[in-house]
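Report on the structure
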Amino acid sequence: QVQLVESGGGLVQAGGSLRLSCAASGRTFFNYAMGWFRQAPGREREFVAAITWSGGETYYADSVKGRFTISRDNTEKRVYLQMNSLKPEDTAIYYCAAKYYTGNNYYRRIEEYDYWGQGTQVTVSS
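Strand order across the open sheet formed by four strands is β1-β3-β8-β7, with antiparallel pairing between neighbours. The open sheet has two free edges, formed respectively by β1 (2-7) and β7 (68-73), since each of these has just one partner strand. Each neighbouring strand pair of the sheet contributes to a mean axis angle of 15 degrees, computed without reference to strand direction. Here six bridges tie β1 to strand β3 (residues 18-26), and the two strands are oriented antiparallel to one another. By the bridge assignment, Ser7 is partnered in β3 with Ser21.

In structure tokens, the structure reads:
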């Protein structure tokens, strides 16, 4: 099993920044691609960003390209989401997820992820 714990959420004004962190434990972190998803009240969970197990490739939702950056530190078993130029529509619960290596490129698909954190709230005021 893999355990994931998110941190770094909070309240920020529009235009501000937050850095989310996800700490992993259990099964080796190195073999997992990592993703960030978010869910706002009354909305379905949506893809935000993903990074391959090696950190060599990243993927982003169109809505966050140029503003958010995903990164990982396999030595520390952590994945980060740097969020800049935040907008009120970014308000949501943000979830960290782990996808065991299968050789596919389906990083945007919720059903491809094996483990999920409990989420951290991000609120952006106008």
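Core analysis: the largest hydrophobic core is formed by 36 residues, its most contacted members being Met34, Trp36, Leu81, Met83 and Tyr94. When near neighbours in sequence (up to four residues on either side) are disregarded, Leu81 contacts Leu18, Arg19, Leu20, Trp36, Val48, Ala49, Phe68, Thr69, Ile70 and Tyr94.

The next point concerns the pairing of strand β8 (residues 78-83). Relative to β8, β3 runs antiparallel, the two sharing six bridges. The residue bridging Ser21 from the neighbouring strand is Tyr80, located in β8. Pairing between β7 and β8: six bridges, direction antiparallel. Note that in β8 the partner of Ile70 across the bridge is Leu81. Counting the residues that bridge the hairpin from β7 to β8 gives four residues, and of these Lys77 lies at a positive phi of roughly 55 degrees.

What follows is about the state of the cysteines. Each disulfide consists of one covalent bond between the sulfur atoms belonging to two cysteines. Enumeration according to the criterion identifies one disulfide in this entry. Between the sulfur of Cys22 and that of Cys96 lies a disulfide, 2.1 Å long from S to S. Disulfide Cys22 to Cys96: torsion about the S-S bond roughly -80 degrees, handedness left-handed. Placement of Cys22 in strand β3 and of Cys96 in strand β9 (residues 92-100) is noted, with a sequence separation of 74 residues between them. Judged by relative accessible area, which is 0%, Cys96 ranks as buried.

Rules and cut-offs
Residues numbered from 1 in each chain as written. Predicted model: local features only at pLDDT ≥ 70, side-chain atom pairs only at ≥ 80, totals over all residues. Heavy atoms only, no water. Pairing = 2+ DSSP bridges. Helix = DSSP H or I, 4+ residues; strand = E, 2+ residues; numbered from the N terminus. Axes fitted to C-alpha atoms, helices over the stretch in contact; angles between N-to-C directions. Core = buried A, V, L, I, M, F, W, Y, C linked by side-chain atoms within 4.5 Å. Buried < 20%, exposed > 50% of the residue type's maximum accessible area, 1.4 Å probe, protein only. Contact = heavy atoms within 4.5 Å. Disulfide = S-S within 2.5 Å.

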